[in-house]
Amino acid sequence: MHELKLMDVQKKYKDKEAVRKFNYTFTNGVYGLLGENGAGKTTFIKLLTRLYEPTEGEILLNGQNISTFCKEDYYKLFSIVFQDINIFSFSVKENVALDKKENIDEEKVWESLKKAGLDKKIAALPDGINTNLQKNLDEHGVILSGGEAQKLVFARSIYKDAPFCILDEPTSALDALAELHLYQQFDSILKNKTAIYISHRLSSTRFCNRILLFKEGEIVEMGTHDELIKLNGEYCNMFATQANYYNETKEN
């Protein structure tokens with residue numbers, strides 16, 4: 001088990017505090033990070049992954065300051081799924097494993113695709129996981145849809161099997177049923193891992209073990225979905241607003 005502990009962590013840009021003095025410990029489980037644009041979520045994630053260094057305070061990995069680790073080794077601890085999807089002009093299996101062909105575990109590739117809900121699509125292709133993607137280098141290369149590309153990137157994260165997963169709107173391009181299927185897989189996918197999930201769809205935060213609501217660089221509410229609904233604060237208002245929006249959309 002890995003533990004990330006933040007102690008009085010602060011990040012400033014000139015005179016502006018992007019993240020105020022922050023104390024929290026992440027262990028196994030799924031954490032939801034919420035907040036409006038500019039609330040500090042992105043800066044916070046970049047601090048955790050060592051893309052930024054804190055202005056003050058320290059971040060400890062299993063009791064050791066992360067600044068003492070080799071960056072290359074530290075980066076290996078994280079699988080990251082961003083909204084901006086990069087599909088490379090290589091085969092499916094190379095896109096999933098991000099490794100040389102001779103080093104790729106094909107059975108693990110198929111298992112990762114299955115968990116991501118993309119195995120049937122790939123199995124139906126003429127060359128399966130050996131099918132080339134994109135048309136830059138192969139005029140017969142396959143172009144995946146937005147939702148399929150997002151599933152492929154998720155399979156890439158599963159294949160890496162890192163102890164920490166950062167999920168930035170990982171289901172934004174999926175329809176409701178595909179999203180539900182992915183959530184139902186989360187327990188097996190993220191077993192014994194720490195996942196930090198960033199989303200604007202509050203319906204998707206219900207599966208999180210802990211929800212952290214950011215505002216102006218600090219946590220203003222924290223708890224499970226049910227706890228925050230009972231609190232009747234900002235999270236509750238945000239959830240009710242989104243629920244009303246979706247209900248109105250369905251009626252129209």
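Quick notes on the rules
Positions within a chain are numbered from 1, following the residues in the order the chain's sequence is written. The model is predicted, so local features are restricted to residues of pLDDT at least 70 and side-chain atom pairs to those at 80 or more, both for listing and for counting; the totals for chains, interfaces and linings are taken over all residues. No hydrogens and no water enter the side-chain calculation; it runs on all heavy atoms of the structure. Two strands are counted as paired when DSSP detects at least two bridges linking them. What counts as a helix is a DSSP run of H or I of at least four residues, what counts as a strand is a run of E of at least two, and both are numbered from the N terminus. For cavity detection a 1 Å grid was placed over the protein atoms alone, and a set of points counts as a cavity when a 1.4 Å probe fits there but cannot get out; an open set counts as a pocket when protein lies on both sides within 12 Å along at least five of seven lines, with lining residues being those that have an atom within 4 Å of a point. Grid points are joined across faces, edges and corners, and a volume is the space filled by probe spheres set on the points. The residue classification treats Ala, Val, Leu, Ile, Met, Phe, Trp, Tyr, Cys and Pro as nonpolar and Asp, Glu, Lys and Arg as charged. All others, Gly included, are polar. To obtain each axis, a line is fitted to C-alpha atoms, and for helices this fit is confined to the stretch in contact; angles are then taken between N-to-C directions over 0 to 180 degrees. Working rule for contacts: check all heavy atoms of both residues, and any pair within 4.5 Å makes them a contact.

The sheet built from four strands is open, its strands ordered 2-1-4-5 with antiparallel pairing. Two strands close off the open sheet at either side, each with one partner strand: strand 2 (16–26) and strand 5 (64–65). Both strand 1 (residues 4–13) and strand 4 (residues 56–61) contribute to a ladder of five bridges, which runs antiparallel. Within strand 4, the residue paired with Met7 across the bridge is Glu58.

Overall, the coordinates contain one cavity of 30 Å³ or more when judged by the stated rule. Of the pockets and cavities examined, the largest cavity occupies roughly 60 Å³. Taken together, Ser79, Phe154, Ser157, Ile158, Asp161, Ala162, Cys165, Leu167, Ile189, Leu190 and Lys193 make up the full set of residues lining the largest cavity. If you list the elements that add at least two residues to the lining of the largest cavity, you get helix 6 (146–160) and strand 7 (164–168). Residues belonging to the lining of the largest cavity are distributed by class as follows: seven nonpolar, two polar and two charged.

Turning next to the sheet that holds strand 7. One open sheet accounts for six strands, arranged 6-7-8-3-9-10; its pairing is mixed. Looking along the sheet, the strands with just one partner apiece sit at the ends: strand 6 (78–81) and strand 10 (218–223). Taking the axes of each pair of neighbouring strands and ignoring which way they run, one obtains an average angle of 20 degrees across the sheet. Of the strand pairs in this sheet, strand 3 (residues 29–34) and strand 8 (residues 194–198) are connected by five bridges, and their pairing is parallel. Each residue of the ladder has a partner; that of Gly29, found in strand 8, is Thr194. Running over the sheet, helix 6 touches strand 6 and strand 7 and is turned about 175 degrees from strand 6.

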